[in-house]
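Remarks on the overall topology
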Amino acid sequence: MKKIIIAIDGYSACGKSTTAKIVASKLGYAYIDTGAMYRATTLYFHDHYINITDPKAIHKALENIQITFVFNPKTNRSETYLNGLNVEDEIRKMYISENVSEVSAIKEVRKYMVALQQKMGKKKGLVMDGRDIGTAVFPTAELKIFMQADMNVRAFRRQQELLEKKQVVGIEDIIENIAKRDHLDTTREEGPLKKAEEAYVLDTTHMTVDEQVDFVINLSVGKM
Ligand code: C5P
């Protein structure tokens, strides 16, 4: 069977990562969470007091950032490492969510990340999720999915995810953060979030995770 690239884009907290992860594991494909790459970059910028209006500082910071994903058999998930340090839990915290869209809107940051992501997909056999995968990273991906869901459902799901990590965040704060990120992500100049013309829309409002996974797997079979 031919190996393909599955590009999953969509709004924040629609279930992209959950779906993408399971699809990848069922197909024996690699999975790349590009949101984690922007989150890890945001963490580095935060910890090193990088002035995001200073192009030289940004350039230097990017040269010093190394992001890797390592599978942890104990947690049964792929975890994000920044310069050798496991940052998987740290990058999901609210202070990162509150700043990641500003960092990911920086032209130089996007250029750097997109190039890295394209390298990762050279051999195909990959599920990648993000905002610009079907439009900018892999415009020729064999299968493109665009995920969306009702705001209240998204916020509730995100709240549960955070609770599982022992982070208690009010629903209003989550809605505010998601809405702000949606706005910044769809209106930025560089690589804005938008549906690729040929992408299949997957509205997860009333769907279970299994149904979402089946939707993608069924479409992927026809493309291999
Ligand atoms: O997917 P996740 O919600 O973790 O992404 C965090 C943020 O990273 C998004 O709100 C967006 O600003 C940015 N992002 C991006 N392009 C991608 C993936 C994520 O700009 N491909």
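Bear in mind that the values here come from a model prediction, so they are computed numbers and not experimental data.

Here the focus is the sheet that holds strand E5 (residues 85-86). Strand order in the open sheet formed by three strands is E3-E4-E5, and the pairing between neighbours is antiparallel. The open sheet terminates on both sides in strands that have one partner only, identified here as strand E3 (67-72) and E5. Sheet topology places E3 next to strand E4 (residues 77-82); six bridges connect them, and they run antiparallel. Along E4, the bridge assignment pairs Phe69 with Thr80. Running over the sheet, helix H2 (residues 34-47) touches E3 and E4 and is turned about 30° from E4.

Here we come to the packing of helix H3 (residues 55-63) against helix H6 (residues 107-120). For the pair H3 and H6, interaxial distance at closest approach is 10 Å and the crossing angle is 20°. By the angle class used here, H3 and H6 are roughly parallel. Along this stretch, H3 crosses H6, giving a crossing that reads as right-handed. Contacts between H3 and H6 pair Pro55, Ile58, His59 and Leu62 from the former with Glu108, Val109 and Tyr112 from the latter. By residue class, the composition of the contact of H3 with H6 is five nonpolar, one polar and one charged.

Turning our eyes to something else, we now look at the sheet that holds strand E6 (residues 126-130). The strand order across the open sheet formed by five strands is E2-E6-E1-E7-E8, and the pairing between neighbours is parallel. Two strands lie at the open edges of the sheet, namely strand E2 (30-33) and strand E8 (200-203), each paired on one side alone. This sheet shows a mean twist of 20° between the axes of neighbouring strands, independent of strand direction. Taken together, the five bridges between strand E1 (residues 5-10) and strand E7 (residues 143-148) define a ladder with parallel strand orientation. Within E7, the residue paired with Ile8 across the bridge is Ile145.

This next bit is on the UniProt feature "domain: Cytidylate kinase" (unreviewed entry) in the protein. In this numbering, the UniProt entry assigns the feature "domain: Cytidylate kinase" (unreviewed entry) to residues 6-218. Between the first and last C-alpha atoms of residues 6-218 the distance is 12 Å; the span itself is 49% helix and 18% strand.

By size, the foremost hydrophobic cluster in this structure holds 31 residues, and its most contacted members are Ile6, Ala7, Ile8, Val23, Val127 and Ile145. At the level of secondary structure, the elements contributing two or more residues to this core comprise E1, helix H1 (16-27), E2, E6, helix H7 (133-137), E7 and helix H10 (209-221). Ignoring sequence-local partners within four residues, the contact set of Ile6 consists of Val23, Val127, Ala141, Leu143, Val216 and Ser220. In this structure, Ile58, Val87, Val103 and Met113 belong to the second largest nonpolar core, which totals 17 residues.

Calculation rules
- Each chain has its residues counted from 1, following the order in which its sequence is written.
- Predicted model: local features are reported for residues with pLDDT of at least 70 only, side-chain atom pairs are reported and counted for 80 or more only, and whole-chain, interface and lining totals are derived from all residues.
- A strand pair is defined by DSSP finding two or more bridges across the two strands.
- Put simply, DSSP marks the helices as runs of H or I at least four residues long and the strands as runs of E at least two long, and each gets a number from the N terminus on.
- We call two residues in contact when the distance between their C-beta atoms, placed using the backbone, is within 7 Å.
- With axes taken as lines fitted to C-alpha atoms, and helix axes fitted only over the stretch in contact, angles between N-to-C directions fall between 0 and 180 degrees.
- Oblique is the label for any angle not under 35 degrees, not over 145, and not in the 65 to 115 range, which are roughly parallel, roughly antiparallel and roughly perpendicular in turn.
- Take the far helix as your reference; a near helix turned counterclockwise from it by less than a right angle gives a left-handed crossing, and one turned clockwise gives a right-handed crossing.
- Three categories are distinguished: nonpolar for Ala, Val, Leu, Ile, Met, Phe, Trp, Tyr, Cys and Pro, charged for Asp, Glu, Lys and Arg, and polar for the others, with Gly belonging to the last.
- UniProt positions are given in the numbering used here, feature names are shortened, and annotations may be inferred rather than shown by experiment.
- Nonpolar cores are built from buried Ala, Val, Leu, Ile, Met, Phe, Trp, Tyr and Cys residues. These are joined into a set through C-beta atoms within 7 Å.
- For the exposure call, what matters is how many other C-beta atoms sit within 10 Å of a residue's own: 20 or more marks it buried, 12 or fewer exposed, and in between partly exposed, using C-beta atoms placed from the backbone.

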